[in-house]
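Coordinate analysis (summary)
Chain by chain, the residues:
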Amino acid sequence: MEKKKMLTGFRPTGKLHLGHLHGNIKNMIEHQKEHENYFFLVDWHALSTEYKDPKNIKSNLIDCVIDLIALGIDPEITHLYRQSDIPEIAELCLYLSMITPLPWLERCPTYKEQQKELKAKDLSTLGFLSYPVLMASDILIVNADIIPVGEDQLPHLEITREIARRFNYLYGDYFIEPQELLSQATRVPGTDGRKMSKSYGNAIFLSDDYETVKEKVRSMITDPKRIKLKDPGHPEVCNIFTFYKIYENERIEEIENRCRNAEIGCTKCKAELAEIIYNSLKVFQSKRKELEKDLSVIYKILDKGKQEVKAEADKTIKDVRKKIGID
Ligand code: TRP
């Protein structure tokens, strides 16, 4: 039986943090062998918000690729590539934009939310409005089946399916409707309890050294009602406990009880967590150092991915032109 196609894109925002790891990448790595994988860095999507100052996009992209390989994405079995290396995606985006009604894009919740969040940037551009059309093109260019994403991306996936349906209705069946693969630990809190995000300044990066991890964990807010060591704790409101659930779920009862019964102080509990997190990053960090030594290897991997996907993208574009009748 032919393997299903699993595809996901990453915004090249620089070094990855724990939010990325537990939100999406882990999913991808775990299912790597079962599927045909398409894993790519979306530099055009990055441009939709960074168009005024795009100079970091390329170096961020390389940093991101190094992180992914160091984490265990295997370029031998995964197509690892750069969105801008596949111009067929842009051509497909053009055709799809012809058939996408504006209201679908205007009512997309991420459109308004992001404009509000990123107030400093002028995002009333055509490119930003059509972000979901470009994402649909990323997916449909290879007719991918499974899309591992975080919850925030679900509206985009819905639009992708709507566009695919509309294309099929207008020009005859061609695209399949992709399905999401939601990750289990979707929401990783940052050091301030909000969602972990580089732009909030609350992230623990995969490349942080032990001292930095210790300091970041130390700064996290625990149970505000727990003032003295003898006060019983309330793990359900504690940020540290959320991390324990991600990292030490198999002994979570013991961790919960030692807090509720005030058997351990927050300082010690945090120090232990910092060590657990850092230990989980050690292997990754030494692999990363190794990879950084010779960037030509990274460029070769991206080139290989480009060759592999280009052939497929080319076929899709030829079929699409034929379907529309401008071949
Ligand atoms: N929009 C996604 C994000 O911000 C990135 C992305 C672009 C993507 N194209 C994609 C994800 C295609 C999955 C499939 O995270």
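These numbers come from a predicted model, not from an experiment.

Turning to the domain arrangement of the protein chain, a few remarks are in order. For the protein chain, the domain assignment lists domain 1 (5–189 + 295–324) and domain 2 (208–288). Using only C-alpha atoms to locate each centre, domain 1 and domain 2 end up separated by 34 Å. Interface area, domain 1 with domain 2, both sides summed: about 980 Å², of which 69% is carbon and sulfur. Linking domain 1 with domain 2 are 2 salt bridges. There are 3 residue pairs in polar contact (both at pLDDT 80 or more) connecting domain 1 and domain 2. Of all the elements in the fold, those that place two or more residues in the side of domain 1 that touches domain 2 are α1 (18–30) and α3 (57–71). When residues of the side of domain 1 that touches domain 2 are assigned to their parent elements, the largest contribution, 5 residues, is made by α3. Grouping the amino acids of the side of domain 1 that touches domain 2 by side-chain chemistry returns 6 nonpolar, 1 polar and 3 charged.

Of all residues adjacent to the ligand, which total 14 residues, the nearest are Gly9, Arg11, Tyr131, Asp138 and Gln153. A distance of 2.7 Å separates a nitrogen atom of the ligand from a polar side-chain atom of Asp138. Isolated, the ligand exposes 370 Å² of accessible area, and the fraction of that covered by the protein chains is 89%. Secondary-structure elements contributing two or more residues to the shell around the ligand are β1 (5–10), α8 (131–140) and β4 (146–149). Looking at the shell around the ligand element by element, the count peaks at 4 residues for α8.

A separate point is a negative patch on the surface. Where like charges cluster on the molecular surface, the negative patch consists of Glu113, Glu117, Glu151 and Asp152. Within the secondary structure layout, Glu117 lies in helix α6 (residues 109–117).

Moving on to the pairing of strand β3 (residues 78–82). Burial within β3 is extensive, with 4 of its 5 residues counted as buried. For strand β2 (residues 36–41) and β3, the ladder comprises 5 bridges, and the chain directions are parallel. Of the residues in β3, the one forming a bridge with Tyr38 is His79.

Side-chain pairs of opposite charge can arise whenever the charged atoms involved come near each other. In the structure shown here, the tally under the stated rule is 27 salt bridges. Of the charged contacts in the structure, one is a salt bridge between Lys55 and Asp53, with a shortest N-O distance of 2.9 Å. According to the relative accessible area criterion, Lys55 is exposed, its value standing at 62%. Overall, Asp53 belongs to the partly exposed group, its relative accessible area being 42%. Across the salt bridge formed by Asp63 and Arg288, the nearest N and O atoms sit 3.1 Å from each other. Taken together, the positions of Asp63 in helix α3 and Arg288 in helix α13 (residues 266–292) put the pair 225 residues apart, joining distant regions of the chain. Here Arg288 falls in the buried class, since its relative accessible area comes to 4%. Linked by salt bridges that have partners in common, Asp63, Asp67, Arg288 and Glu292 make up one network.

With that out of the way, let us pick up the pairing of strand β5 (residues 179–182). Bridging between β4 and β5 involves 4 bridges; their strand directions are parallel. Paired with Val149 across the strands is Leu182, a residue of β5. Chirality of the crossover, the property in question, places the unit of β4, helix α9 (residues 154–171) and β5 among those that are right-handed.

For the structure shown, the criterion picks out 8 aromatic pairs. Their ring planes at 40° and their centres at 5.2 Å tell us that Tyr210 and Tyr278 sit as a pair that is tilted. Placement of the pair is Tyr210 in helix α10 (residues 210–218) and Tyr278 in helix α13, with a sequence separation of 68 residues. The ring of Tyr200 is capped by Arg194, whose NZ or CZ atom sits 4.0 Å from the centre of that ring.

Conventions and cut-offs
- Residues numbered from 1 in each chain as written.
- Predicted model: local features only at pLDDT ≥ 70, side-chain atom pairs only at ≥ 80, totals over all residues.
- Heavy atoms only, no water.
- Domains from an automatic or database assignment.
- Buried area = accessible area lost by both parts, 1.4 Å probe.
- Salt bridge = Lys/Arg side-chain N within 4 Å of Asp/Glu carboxyl O.
- Polar contact = N/O pair within 3.5 Å; in protein donor to acceptor, adjacent residues only side chain to side chain.
- Helix = DSSP H or I, 4+ residues; strand = E, 2+ residues; numbered from the N terminus.
- Nonpolar A, V, L, I, M, F, W, Y, C, P; charged D, E, K, R; others polar.
- Near = heavy atom within 4 Å.
- Areas by Shrake-Rupley, 256 points an atom, 1.4 Å probe, with all protein chains shown as cover.
- Patch = residues over 30% accessible without salt bridge, like charges linked within 9 Å, V, L, I, M, F, W, Y side chains within 5 Å.
- Lys, Arg positive; Asp, Glu negative; His and termini not counted.
- Charge placed at Lys NZ, Arg CZ, Asp CG, Glu CD.
- Buried < 20%, exposed > 50% of the residue type's maximum accessible area, 1.4 Å probe, protein only.
- Pairing = 2+ DSSP bridges.
- Right-handed = clockwise from strand over helix to strand, strands pointing away.
- Phe/Tyr/Trp six-rings, centres within 6.5 Å; stacked < 30°, edge-to-face > 60°.
- Lys NZ or Arg CZ within 6 Å of the ring centre and 35° of its normal.

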